[in-house]
Amino acid sequence: MAWHSRVEQIAPFRVMNLLASAQAREAAGHDVIHLEVGEPDFNTPEPVVAAGQAALAAGHTRYTPATGLPALRSAIAGHYAEHFGVAVDPGRIIVTPGASGALLLASQLLAGPGDRVLMADPNYPCNRHFMALAGASIDAVPVGPQSGWQLDASLVARHWRDETRLAMLATPSNPTGHMLDAESLAAVVETVAERDGELLVDEIYQGLSYDLAPLSVASITPDAFVVNSFSKYFGMTGWRLGWLLAPEAAVEPLTRLAQNVFLAASTPAQHAALAAFTPQCREILEARRAELGRRRDALLAGLARLGLAPSLAPQGAFYLWLDISRYSHDSQTFCQRLLEEENVAITPGIDFALKGGAHHVRIAFTTGIARLEEAVYRLERFLARR
């Protein structure tokens, strides 16, 4: 059978194949250290689980409005007011099935055939793929330490074309974990506005920061589109819940899209997420953020001993973007052999970078410090044989 040509633009997410291989080795009795998938080893916080169970017991299993449970939209708006000092109308918030649902809505609204979209390279691959499915062309701008691994204002200005419709940022980013500070983010906002373009900011890892205070572009402008999620900071990966904060004028067409694309996000998950904003849950989440910071520091120290620590430490999220060019220019094979020889699972950079991915890998510090130290020991043994 012949499939539509748009599908040919979508590359496989190779880390999922590697995860399957790692799980198969684990099932066969091998002691596998999982550093490949962006999912920490924390369970969903108990207040959220309890709220979800209570919602089910109370029969909260019917549809909500397409834009989400009104109480949850208000709670998200309160989150912006409390932590970022910005008044957000709950009516500008659309609750979605995961951040992927928000990205789908934004891509369908903002991008289409003939449009060009600017984003950093490396980047989360689905960001490229959503825009490509909308028919847009991607200008993936190589970034590195000189720009803090971010698409900064100077790069936006340099690569903007007449056909460019949209610039997309991710802060903190996946896979590098780097952030734009307030001044740099404001400069991007101004640069895009001067060109009458649109700005979409992926803030999925917001809250998971270690060296800079958490920041939202919403505190700088009401005109940006903001994607966020309950998966990362709030620890609700499997609940599949996110949101899109949009300019007021965009809410009506986005609502129509949501009504037709997914109807509504999961009702029990939305009721559960209300508990994510309670002081009890916040205390749990902040303790986990501190633990992730300790894990980052332990992994950096171990890699420094091997002469492999990145020149810029990640400021957020839970990833390290590691240059392995001293040992390999084939990150796929490097990761596969590391798994087969030492039972350590990490992610090949080719999933994330169109340029340079072959000599980079992503390591997720999503397991405990003892396991991270063991992984470094096994990596050292592996590299000694190279």
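Here, every reference points to the structure presented above.
Since this is a predicted model, take the numbers as computed values, not measurements.

Visitor: Just checking my understanding: could you explain the packing of aromatic side chains for this structure?
Guide: When we look at a pair of aromatic rings, we describe it by the centre distance and by the angle of the planes. Under the defined criterion, the tally for this structure stands at 15 aromatic pairs. When the centroid spacing of 6.1 Å and the interplanar angle of 70° are considered together, the rings of F13 and Y124 count as edge-to-face. Taken together, the positions of F13 in the segment before α1 (14–27) and Y124 in the loop between β3 (116–121) and α5 (125–133) put the pair 111 residues apart, joining distant regions of the chain. With a centroid separation of 5.5 Å and 85° between ring planes, the pair formed by Y205 and F318 is classed as edge-to-face. Here F318 lies in the loop between α10 (279–305) and β9 (319–323) and Y205 lies in the loop between β6 (198–202) and β7 (225–229), a separation of 113 residues in the sequence. For Y205, a relative accessible area of 5% translates into the label buried. Residue classification places F318 among the buried positions, given a relative accessible area of 0%. Within the aromatic cluster, the residues linked to one another by ring pairs are Y80, F84, F230, Y233, F234, W243 and F277.

Visitor: How should the sheet that holds β9 be read in this particular structure?
Guide: Hydrogen bonds along the backbone pair up the strands of a sheet, which may run parallel or antiparallel. Strand order in the open sheet made by the three strands is β9-β12-β11, with antiparallel pairing throughout. The two strands at the open ends of the sheet, each matched to only one other strand, are β9 and β11 (347–348). For β9 and strand β12 (residues 360–364), the ladder comprises five bridges, and the chain directions are antiparallel. For L322, the partnering residue across the bridge sits in β12 and is V361.

Visitor: Where do I start with unusual backbone geometry in this structure?
Guide: Generally, phi is negative for residues other than glycine and the peptide bonds are trans, each holding for most cases. The residue after D121, namely P122, is reached through a cis peptide bond having omega 15°. Among the structural elements, P122 can be located in the loop between β3 and α5. Look at the link from T171 to P172: it is a cis peptide, with omega at -5°. By the element assignment, P172 lies in the loop between β5 (164–170) and α7 (182–194). The phi torsion at D196 lies on the positive side, around 55°, for a residue other than glycine. Its identity as a non-glycine residue notwithstanding, A317 has a phi of 55°, on the positive side. Along the polypeptide, A317 turns up in the loop between α10 and β9. On the basis of relative accessible area, A317 is assigned to the buried category, the value being 0%.

Visitor: Explain the packing of α1 against helix α11 (residues 331–342) here, please?
Guide: How two helices sit against one another is set out by the angle between their axes and by the gap between those axes. The contact between α1 and α11 brings their axes to 10 Å, and the two run at 10°. The orientation of α1 relative to α11 falls into the category roughly parallel. Relative to α11, α1 is oriented so that their crossing is right-handed. For the pair α1 and α11, the contacting residues are R14, L18, S21, A22 and R25 in the first and Q332, C335, Q336, L339 and E340 in the second. A breakdown of the residues in the contact of α1 with α11 according to their chemical character gives four nonpolar, three polar and three charged.

Visitor: Honestly, the pairing of strand β2 (residues 93–96) in this entry has me stumped. Any pointers?
Guide: Looking along a regular strand, one sees side chains alternate from face to face of the sheet. Every second residue of β2 is oriented toward a common face, with I93 and V95 on one face and I94 and T96 on the other, all of them buried. Pairing geometry for β2 and strand β8 (residues 242–245), over four bridges, is antiparallel. Looking at β8, one finds that I93 is bridged to L245.

Here is what the cut-offs are and how they apply
Residues numbered from 1 in each chain as written. Predicted model: local features only at pLDDT ≥ 70, side-chain atom pairs only at ≥ 80, totals over all residues. Heavy atoms only, no water. Phe/Tyr/Trp six-rings, centres within 6.5 Å; stacked < 30°, edge-to-face > 60°. Helix = DSSP H or I, 4+ residues; strand = E, 2+ residues; numbered from the N terminus. Buried < 20%, exposed > 50% of the residue type's maximum accessible area, 1.4 Å probe, protein only. Pairing = 2+ DSSP bridges. Axes fitted to C-alpha atoms, helices over the stretch in contact; angles between N-to-C directions. Parallel < 35°, antiparallel > 145°, perpendicular 65-115°, else oblique. Left-handed = near helix turned anticlockwise from the far one by under 90°. Contact = heavy atoms within 4.5 Å. Nonpolar A, V, L, I, M, F, W, Y, C, P; charged D, E, K, R; others polar.

Shape is all these values report; function is a separate question.
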